[in-house]
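So the chains spell out like this:
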Amino acid sequence: MIFENLIINHDVWTKIQKTFKNNKIPNAYIFSGIDGVGKEAHAIELAALLNCKRLNNNESNNACGDCRSCLRIKSFQHEEVHYIHPLPALKNNKSSKKLILDSATIEEINKFQKQKIKNPYCQINLKGANTIPINAIRDIKKKLFYTKGDNNWSVVIITEAEKLCLKRAEAANSLLKILEEPPENTLFILITSKINLITPTILSRCQKLFFPRLKDSTLNDFIVKENLENSIKEGSIQLSHGNMRELHEIISTDRVDNLKKIIKYFYSDKINNIEKLLSTMNEINTKNKTEFLKYLSHLKICTKDLYALSNNGSKNFINYEFLNQNYEEISSLYPNSNWEKIINLLDECIRDSKNNINFTLSLYSLMINIQRCLKNSNYNITKSELIKGI
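What about the overall build of the protein?
- On a plain count of helices and strands, the protein comes out with 17 helices and five strands.
- Along the first, second and third principal axes, the C-alpha set of the protein runs to 70 × 50 × 35 Å.
- For the protein, the proportion of its 390 residues judged to be buried stands at 52%.
- By sequence separation, contacts in the protein at least 24 residues apart represent 72% of the contacts at least 6 residues apart.
- Summing over all exposed atoms, the protein offers an accessible surface of approximately 20300 Å²; the carbon and sulfur share of this is 47%.
- The centroid of the 55 positive side-chain charges in the protein is displaced by 5 Å from the centroid of its 42 negative side-chain charges.

Focus on the environment of Lys 354
- By the secondary structure assignment, Lys 354 is in helix 15 (residues 339-354).
- Sequence separation of Lys 354 and Leu 293 is 61 residues, and the distance between their C-alpha atoms is 8.2 Å.
- Leave out the neighbours within four places in its chain, and Lys 354 touches Lys 289 and Leu 293.

Details of the nonpolar core
- Counting residues in hydrophobic clusters, the biggest one holds 47 residues, and the most contacted among them are Phe 31, Leu 46 and Ile 189.
- Counting residues in hydrophobic clusters, the runner-up holds 43 residues, among them Ile 250, Tyr 267, Tyr 320 and Leu 323.

Observations concerning the pairing of strand 3 (residues 154-158)
- Extensive coverage of strand 3 is indicated by the burial of five of its five residues.
- Here strand 3 shows no split at all, with Ser 154, Val 156 and Ile 158 on one side and Val 155 and Ile 157 on the other all buried.
- The sheet contact formed by strand 2 (residues 81-84) and strand 3 spans four bridges and is parallel. Its bridge partner being in strand 3, Ile 84 is matched across the sheet by Ile 158.
- When strand 3 meets strand 4 (residues 186-192), the two strands line up parallel, connected through five bridges. Bridge pairing in strand 4 links Ser 154 to Thr 186.
- Tracing the backbone out of strand 3, into helix 6 (residues 170-180) and back to the parallel element strand 4 gives a crossover that is right-handed.

Looking at the pattern of salt bridges
- Evaluated as defined, the whole model comprises 18 salt bridges.
- With a closest N to O distance of 3.6 Å, Glu 181 and Lys 177 form a salt bridge.
- For Asp 216, the salt bridge is made with Arg 213, and the minimal N-O distance between the two is 3.3 Å.
- Residues joined by salt bridges that share partners form a network here, namely Glu 246, Glu 249, Arg 255, Glu 291 and Lys 294.

Brief notes about the sheet that holds strand 1 (residues 28-33)
- A sheet is described by the order of its strands in space; here five strands give the open sequence 2-3-4-1-5, paired in parallel fashion. What marks the edges here is a single partner per strand, and that holds for strand 2 and strand 5 (207-211). Going across the sheet, the axis of each strand differs from the next one's by a mean of 20°, ignoring polarity.
- For strand 1 and strand 5, the ladder comprises five bridges, and the chain directions are parallel. Bridged to Tyr 29 within strand 5 is Gln 207.
- Running at roughly 150° to strand 5, helix 1 (residues 10-21) makes contact with strand 1 and strand 5 of the sheet.

A short note on the state of the cysteines
- Tallying each qualifying case throughout the model produces zero disulfides.
- Take Cys 70: it sits in no disulfide, and the sulfur closest to it among the cysteines is that of Cys 67, at 3.6 Å.

Some words on the packing of helix 13 (residues 289-312) against helix 15
- In the contact formed by helix 13 and helix 15, the axes pass within 9 Å of each other and the chain directions differ by 170°. In terms of axis orientation, helix 13 runs roughly antiparallel to helix 15. When helix 13 is examined against helix 15, the residues Lys 289, Phe 292, Leu 293, Leu 296, Ser 297, Leu 299, Lys 300, Thr 303, Lys 304, Leu 306, Tyr 307 and Ser 310 are found in contact with a partner set consisting of Trp 339, Glu 340, Ile 342, Ile 343, Leu 346, Asp 347, Cys 349, Ile 350, Ser 353 and Lys 354.
- Grouping the constituent residues of the contact of helix 13 with helix 15 by class yields twelve nonpolar, four polar and six charged.

Concerning the packing of aromatic side chains
- Counted by the stated rule, this structure contains seven aromatic pairs.
- Ring geometry for Phe 31 against Phe 211: centres 5.2 Å apart, planes inclined by 50°, an arrangement best described as tilted. Of the two residues, Phe 31 is situated in strand 1 and Phe 211 in strand 5; the sequence distance between them amounts to 180 residues.
- On the accessibility criterion, Phe 211 (1% relative accessible area) is buried.
- Look at Phe 76 and Tyr 83: their rings are 5.2 Å apart centre to centre, the planes differ by 50°, and that puts the pair in the tilted class.
- By relative accessible area, Phe 76 is classed as buried at 12%.
- Following the ring pairs from residue to residue traces out a cluster consisting of Tyr 29, Phe 31 and Phe 211.

Rules and cut-offs
- Residues numbered from 1 in each chain as written.
- Predicted model: local features only at pLDDT ≥ 70, side-chain atom pairs only at ≥ 80, totals over all residues.
- Heavy atoms only, no water.
- Helix = DSSP H or I, 4+ residues; strand = E, 2+ residues; numbered from the N terminus.
- Buried < 20%, exposed > 50% of the residue type's maximum accessible area, 1.4 Å probe, protein only.
- Contact = heavy atoms within 4.5 Å.
- Areas by Shrake-Rupley, 256 points an atom, 1.4 Å probe, with all protein chains shown as cover.
- Lys, Arg positive; Asp, Glu negative; His and termini not counted.
- Charge placed at Lys NZ, Arg CZ, Asp CG, Glu CD.
- Core = buried A, V, L, I, M, F, W, Y, C linked by side-chain atoms within 4.5 Å.
- Pairing = 2+ DSSP bridges.
- Right-handed = clockwise from strand over helix to strand, strands pointing away.
- Salt bridge = Lys/Arg side-chain N within 4 Å of Asp/Glu carboxyl O.
- Axes fitted to C-alpha atoms, helices over the stretch in contact; angles between N-to-C directions.
- Disulfide = S-S within 2.5 Å.
- Parallel < 35°, antiparallel > 145°, perpendicular 65-115°, else oblique.
- Nonpolar A, V, L, I, M, F, W, Y, C, P; charged D, E, K, R; others polar.
- Phe/Tyr/Trp six-rings, centres within 6.5 Å; stacked < 30°, edge-to-face > 60°.

Below, the structure written as structure tokens:
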């Protein structure tokens, strides 16, 4: 294997091994599922399996991890394994059909690849990378037809493949022909967490493999195997929602304790706590807007838990069991809360933040209306009130 610390999806991998053993590898796969479950790492493992030079002496039907081919794949230097990522706006001449990356972009890609060698769940996420340019597809087509080695499999791994289909979908359209009629021993693997954004013409040319979220028990076993018990707090796995990348981030940012503090401020009618919440959230947003949106999403799930408890009183349907004590305290303080409206308010705030609407105004408006909803289950917020805030 290429990655020692990858959690293999046995259902998916067994299907791939059977297809390989029967010599029925398709022209193209789509690996879909939420982020952080190892889709790209599985694609790299498949590329290694197809090109491993010691496979005949290996009964496991996995790449050996030690031959020349496997070692070059481990270091992202294999001449027949190609990676296509979303890229920032290129400064190429618009009339040029060549893909020319500037030194800063190349350096950033190399940095992410070094991280991924150690962590299969690392995402290569370039700053300002919003689309896959058509020149990236033109470039790979030339490489496949003119430089392909006879004895190897050429594997093209396209991450965030939905970004092929943005704007006029030029890159997606350019890919169609070669997806249907690639050179011999060529495999395309498209990686996506948003398969609904992939055009039907692309979907129809690919075999689809779905990667479900990682189970809590699986993440627990991984934590024990990697000796991370002392680094993780109760609730970290639940907050990750089966996303290994997210779990690593939660551990490194101490999100569990921060969320508990934010919940205490959020569900409070004390002025000083409201001010503390505004200050805390502003600090998070200033450092990392993506992290701020995650806290809002956590708050929304907490509110859904409180809504479920208020409806049936059962703890069987809540997402964040580690917050049971917090939920009991909040429910006793605000027995008449309009939880459904609070969920809607959080949705509005999340949309405002994504649309870069004034942060302070949006959050302050949210908190004023939250106070009204906590005290009155019949309180309905009109659109004008939501905008006005106070």
